[in-house]
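# Results of the structural survey
Residues per chain are reported as follows:
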Amino acid sequence: MTPKNQHYDAMVIGGGITGLQTAIDLGDQGYQVALVEKEASIGGKMIMLSKVFPTLDCCSCITTPRMAAAANHDNVTMFTYSEVLAFERNGHGFRVNISKKPRYVIEDLCTGCRQCEYVCPIDLPDAFDLNMGAHRAIYVPYSTAMPQKALIDIDNCLFCGKCEKACPAEAVDFIQQPEVLQIETRAIVLATGFETTPRDAKKEYGAGKLLNVVDGLQVERMLAPTGPFGHVLRPGDGKQPDSIAYVQCAGSRDQTLGVDYCSRVCCMYAIKQAMLLSGALPMADITIYYMDIRTFGKGYEQFYQNARAMGIEFIKGKVARITEDADHNPTVRVELIDEGSRVIERTHDMVVLSVGLEPGYNPQAVFSVPVGTDGFIRIPEPNLFPCRTDQPGIFAAGTAAGPMDIVDSIVMASAAASEAAAHIETQHSPQPARGSQERIVSYA
Ligand SMILES: Cc1cc2nc3c(=O)[nH]c(=O)nc-3n(C[C@H](O)[C@H](O)[C@H](O)COP(=O)(O)OP(=O)(O)OC[C@H]3O[C@@H](n4cnc5c(N)ncnc54)[C@H](O)[C@@H]3O)c2cc1C
Ligand code: SF4
Ligand code: SF4
């Protein structure tokens, strides 16, 4: 897609649900927005989820229209596969250099027909499916990706040329180079989101080596209609699990991992997944080992009570260790909190670690925006200005500022749009005419 102009009123960094909502809100008010996303598609983590608590709406059904609204908005220009390299203050605004990584496919020509995928001989682990599925060396990121454009994993490409021959649009371009674009903007919103705490961090839980110990995001993909297996199967041997256990706070409230905070969403997503698994596998026993259940949002306590009523077993206990038997069935060793710390061991077919949320990006190096002791972006006056960072004109929203659910992310996204709009309006220097063409200032 050829960028429309070089001057924008606002730049939103991160194309998850938070960044999408901020970009749409600003665009709807008539501001010109540059939306910068480091991945090849917008959508963030939300497009990976199966259904959302507490409504159990299909996640793809509610995320895809938001992605389309941003992607097709007259006032929003998307820069996917792009990252900010450098930034400087420029009068009343900012001058930002962004690097657009090469897809080795010409975006303007690619129609997303996927003919190239059929002929490519290379299969690679698919990060969108948490490496439980595969994609070709040339691939469209996933079925609802936006933009629907292919890219080549050049490090694993054989350069056999089969995709180039198969492409009806002549879009494959093996010599494409990174571009550095210079953009001027008056406000910046950081919506860089989160990563889950690593599954292999705790050696007591098998350090990521136990075949049938998975994490919450993997289960989201297994439950999603577009998931890797089309069904819930344990990854170790493809067996349908009859007994599934959740281990709560596996990566949160844990000083040994440097994550001493509560990640807020893990109790709720575990309850949600337990309910969905009960539907997908009606004969399966599902147990949740927890220290306390935190149901902080509207309707969440009722959601939890519904799960109990459905027969999901909740055991108040601290999981000290997970091991596996010769058939790779995980065994949990649990200290029962309400029974004088009595220790039990139970074996399940699959164990799910309810991993927490940690920051997706540290903005200190590029933007000089401080982060708190938890690593999330610091908001100095959250009660008065919930999205304002220490840097005038730079705002933060969603999980870039701390763990939160989708509802709170969207509320904060709209608040950031509002604060950014107010900031733009207070800048009185004349803005250069819109519509001037993007300028390529260098080739990396
Ligand atoms: C397993 C699991 C299940 C969940 N289930 C639910 C649920 O049912 N209901 C609910 O309300 N919440 C749920 N959540 C929480 C929900 O996923 C988050 O609230 C939501 O996705 C936050 O969106 P975001 O846009 O802030 O972050 P993200 O989705 O992480 O988006 C951030 C975006 O920024 C991009 N980015 C990062 N750094 C840069 C950079 N430097 N430059 C450019 N782009 C960058 C990323 O690639 C990404 O696209 C769940 C979370 C997990 C882990
Ligand atoms: S690169 Fe060519 S073959 Fe592949 S999706 Fe794009 S247009 Fe289709
Ligand atoms: S040139 Fe690379 S991407 Fe294209 S078909 Fe061959 S291995 Fe696949």
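Keep in mind that this is a model prediction, so the values were computed, not measured. (Residues numbered from 1 in each chain as written. Chains lettered and ligands numbered in written order. Predicted model: local features only at pLDDT ≥ 70, side-chain atom pairs only at ≥ 80, totals over all residues. Heavy atoms only, no water.)

### Examining the pattern of salt bridges
Let me state the cut-off plainly: By definition here, a salt bridge exists when the distance from a side-chain nitrogen of Lys or Arg to a carboxyl oxygen of Asp or Glu is within 4 Å. A run of H or I in DSSP counts as a helix once it spans at least four residues, and a run of E counts as a strand once it spans at least two, with each numbered from the N terminus. Three exposure classes are used, based on accessible area relative to the maximum for each residue type with a 1.4 Å probe and protein chains only: buried under 20%, partly exposed in between, and exposed over 50%.
If you walk through the whole model with that rule in mind, you get 25 salt bridges. We note a salt bridge from Lys202 to Asp254, for which the minimum N-O separation is 2.7 Å. Here Lys202, found in the loop between β13 (194-196) and β14 (213-215), pairs with Asp254, found in the loop between β15 (243-247) and α6 (266-280); they are 52 residues apart in sequence, far enough to count as distant. One exposure class covers both Lys202 and Asp254, and it is buried. Residue Asp237 pairs with Arg234 through a salt bridge whose shortest N-O separation is 2.8 Å. Judged by its relative accessible area of 45%, Asp237 is partly exposed.

### Quick notes on the pairing of strand β2 (residues 33-36)
Heads up, the rule is: At least two DSSP bridges between two strands are required for those strands to pair.
Alternating residues of β2 divide into Val33 and Leu35 and Ala34 and Val36, and every residue in both groups is buried. Inspection of the sheet shows β2 paired to strand β5 (residues 76-79) by four bridges, in the parallel sense. Counted as the bridge partner of Leu35 is Met78 from β5.

### Description of the packing of helix α1 (residues 17-28) against helix α9 (residues 406-426)
Put simply, the rule is: Lines are fitted to the C-alpha atoms to define the axes, a helix being fitted only along its stretch in contact, and any angle between axes, read from their N-to-C directions, falls within 0 to 180 degrees. We call two directions roughly parallel when the angle between them is under 35 degrees, roughly antiparallel when it is over 145, roughly perpendicular when it lies between 65 and 115, and oblique otherwise. Crossing chirality is assigned from the near helix's rotation relative to the far helix, an anticlockwise turn below a right angle marking it left-handed and a clockwise turn marking it right-handed. The contact rule is simple, with two residues in contact once any of their heavy atoms fall within 4.5 Å. All residues other than Ala, Val, Leu, Ile, Met, Phe, Trp, Tyr, Cys, Pro, Asp, Glu, Lys and Arg, Gly among them, are scored as polar; the first ten of these are nonpolar and the last four charged.
Viewed as axis vectors pointing N to C, α1 and α9 meet at an angle of 40 degrees, and their least axial separation amounts to 8 Å. When the axes of α1 and α9 are compared, the pair comes out oblique. Considering the relative orientation of α1 and α9, their crossing is right-handed. Contact residues: Ile17, Thr18, Gln21, Thr22, Asp25 and Leu26 in α1; Ser409, Ile410, Ala413, Ser414, Ala416, Ala417, Ala420 and Ala421 in α9. Residue composition of the contact of α1 with α9, by class: eight nonpolar, five polar and one charged.

### Some details on the packing of α6 against helix α7 (residues 300-309)
At a closest axis distance of 10 Å, the pairing of α6 and α7 adopts a crossing angle of 40 degrees. Viewed along their axes, α6 and α7 adopt a mutual orientation that is oblique. As α6 runs across α7, the sense of the crossing is left-handed. Of the residues in α7, those in contact with Met268, Ile271, Lys272 and Met275 of α6 are Tyr300, Phe303, Tyr304, Asn306 and Ala307. Class assignment of the residues belonging to the contact of α6 with α7 gives a composition of seven nonpolar, one polar and one charged.

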